[in-house]
Amino acid sequence: MPPELTFNVATGVHEIIVARVDAWHKLGHKVVNCFTAEEGRRQAGLSKVISKYPLYRKLPDGSYRQNMDAWEVARDDNDFALGVVGPNYGIVQIPDLLALADSFVGTGAAMYDSLGTCYGGSLVFASLRLNELQHFSVGGDQHDIYLNVIDSYDRSKKLQVYLSTIRPVCKNTVDTSLFASMERLIFKHSKHVTDKVTFVTKENLKLLENQIVTTISRTISTLKERLQFLQSKVISNEAFAAYCNEVFPPALKRDTRRQGTIAEVAQLYASADNGQSAHSGTAYQLLEAIVEWSDFCQGVRRTQGRHTDDVSILRAESAVQGTGAQLKQRAMGTMMTFAQGLPDRPIATYSMPSVVTVPVVYADNIVDVDSVVVVTPVLDTIVSCETPLLDDILSQ
């Protein structure tokens, strides 16, 4: 899917700015560090004013009559029509939208990481990267929580402030971050929506800040508990085969493509950190292997009209909103259920992986004993089987 970012003819660039890491589409502006609202508006070209205009229809006698039920929303800088709304539809200007986001930035709890528009300016999004205290790591892997703010001028979306692990940088990632959102603060586009936003921003800031901080802490705790739970569960050869049979269901006949997929996942699973990381041989590492395969190894299909698109762009689209995203969601949901029956991981040291052949059973009960080669860590020395000691060992 294309990013649907707004291209500003006057400036010759797309209306988006990102910090630290390039967006997958590599469009717009990129800066090294997080930026302020004013810096973002200036560099992304978001100084426009949004207005409502009455709509008229021409009568048979040549005169015009105003349509009292429909108004046009348009940009004042280039007269581009953004949508048609009702008479009581309230508009929140971009400065007011960012002022709401600024209430978090100003406290030092966050900074802008992305800011942009889509569909000519009818969809606005901003992402705020929370400070280091709001990040967490599991087994050395860092996980970020973003505070995202979005709004629309065509009735497609309400103004929303929400938490997500996904940074919006295009239309696709806006939808994906909403789907994966954890908590939301929603404003309907009523007649007095601007007054409500201003009130929350200025008068109720402390209460809102406390709620967000509490929500962030609760969200991080939940995510961390889930990932640490997966890190504490051991994947045996039999468990590997059973899990892959659920994530990649067997066909009614021999499927060489599926065999190749499982073999690639097995290699990624076994080769991660040479079996020496804190989550080697665990459910967490297997989930990581599937995510890595989905994002970087899975083949992409060039559909009609996209034969010239770069493979990295097609793969990125699949990863955020396509078959790749669906696979990762299925893998995570399946793993959380599947891991309930797995044994706890002992505190141990591991040597270099060994090679084991895992049979695959197809739907017609045909057993292929040589289909997948799994490389698994070999246990050297068990230090302790008490999982409460896991955090102490991992923190060293």
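J.: Describe the environment of Phe229, and please don't skip the residues or the numbers.
T.: Take Phe229: it is sitting in helix α5 (residues 205–231). Residue class for Phe229 comes out partly exposed when judged on its relative accessible area of 22%. Taking the C-alpha atoms as reference points, Phe229 and Ala339, separated by 110 residues in sequence, lie 8.4 Å from one another.

J.: If you had to explain the sheet that holds strand β6 (residues 64–75) to someone new, which residues and values would you point to?
T.: The 3 strands lie next to each other as β5-β6-β7, forming an open sheet whose pairing is antiparallel. The open sheet terminates on both sides in strands that have one partner only, identified here as β5 (50–58) and β7 (81–85). With direction set aside, neighbouring strand axes in the sheet form an average angle of 35 degrees. With 4 bridges joining them, β6 and β7 adopt antiparallel strand pairing. The residue of β7 that forms the bridge with Ala74 is Ala81.

J.: Requested: an account of unusual backbone geometry, with residues and values cited.
T.: Backbone geometry at Arg20 places phi at a positive 70 degrees, although glycine is not the residue there. Secondary-structure assignment places Arg20 in the loop between β3 (16–19) and β4 (29–31). We note that Tyr119 has phi near 55 degrees; this positive angle belongs to a residue other than glycine. When you line up the elements, Tyr119 lands in the loop between β8 (110–118) and β9 (123–130). A relative accessible area of 38% means that Tyr119 is categorised as partly exposed.

J.: Could you give me a rundown of the packing of helix α6 (residues 237–247) against helix α10 (residues 323–338), with the residues and numbers involved?
T.: Two elements in contact, α6 and α10, have axes separated by 10 Å at closest approach and are oriented at 135 degrees. Here α6 lies oblique to α10, going by the angle between them. The handedness of the crossing between α6 and α10 comes out as right-handed. Of α10, the residues touching α6 (which contributes Ala239, Ala242, Tyr243, Glu246 and Val247) are Leu327, Arg330, Ala331, Thr334, Met335 and Phe338. For the contact of α6 with α10, the residue count by class is 8 nonpolar, 1 polar and 2 charged.

Rules used throughout
Residues numbered from 1 in each chain as written. Predicted model: local features only at pLDDT ≥ 70, side-chain atom pairs only at ≥ 80, totals over all residues. Heavy atoms only, no water. Helix = DSSP H or I, 4+ residues; strand = E, 2+ residues; numbered from the N terminus. Buried < 20%, exposed > 50% of the residue type's maximum accessible area, 1.4 Å probe, protein only. Pairing = 2+ DSSP bridges. Axes fitted to C-alpha atoms, helices over the stretch in contact; angles between N-to-C directions. Parallel < 35°, antiparallel > 145°, perpendicular 65-115°, else oblique. Left-handed = near helix turned anticlockwise from the far one by under 90°. Contact = heavy atoms within 4.5 Å. Nonpolar A, V, L, I, M, F, W, Y, C, P; charged D, E, K, R; others polar.

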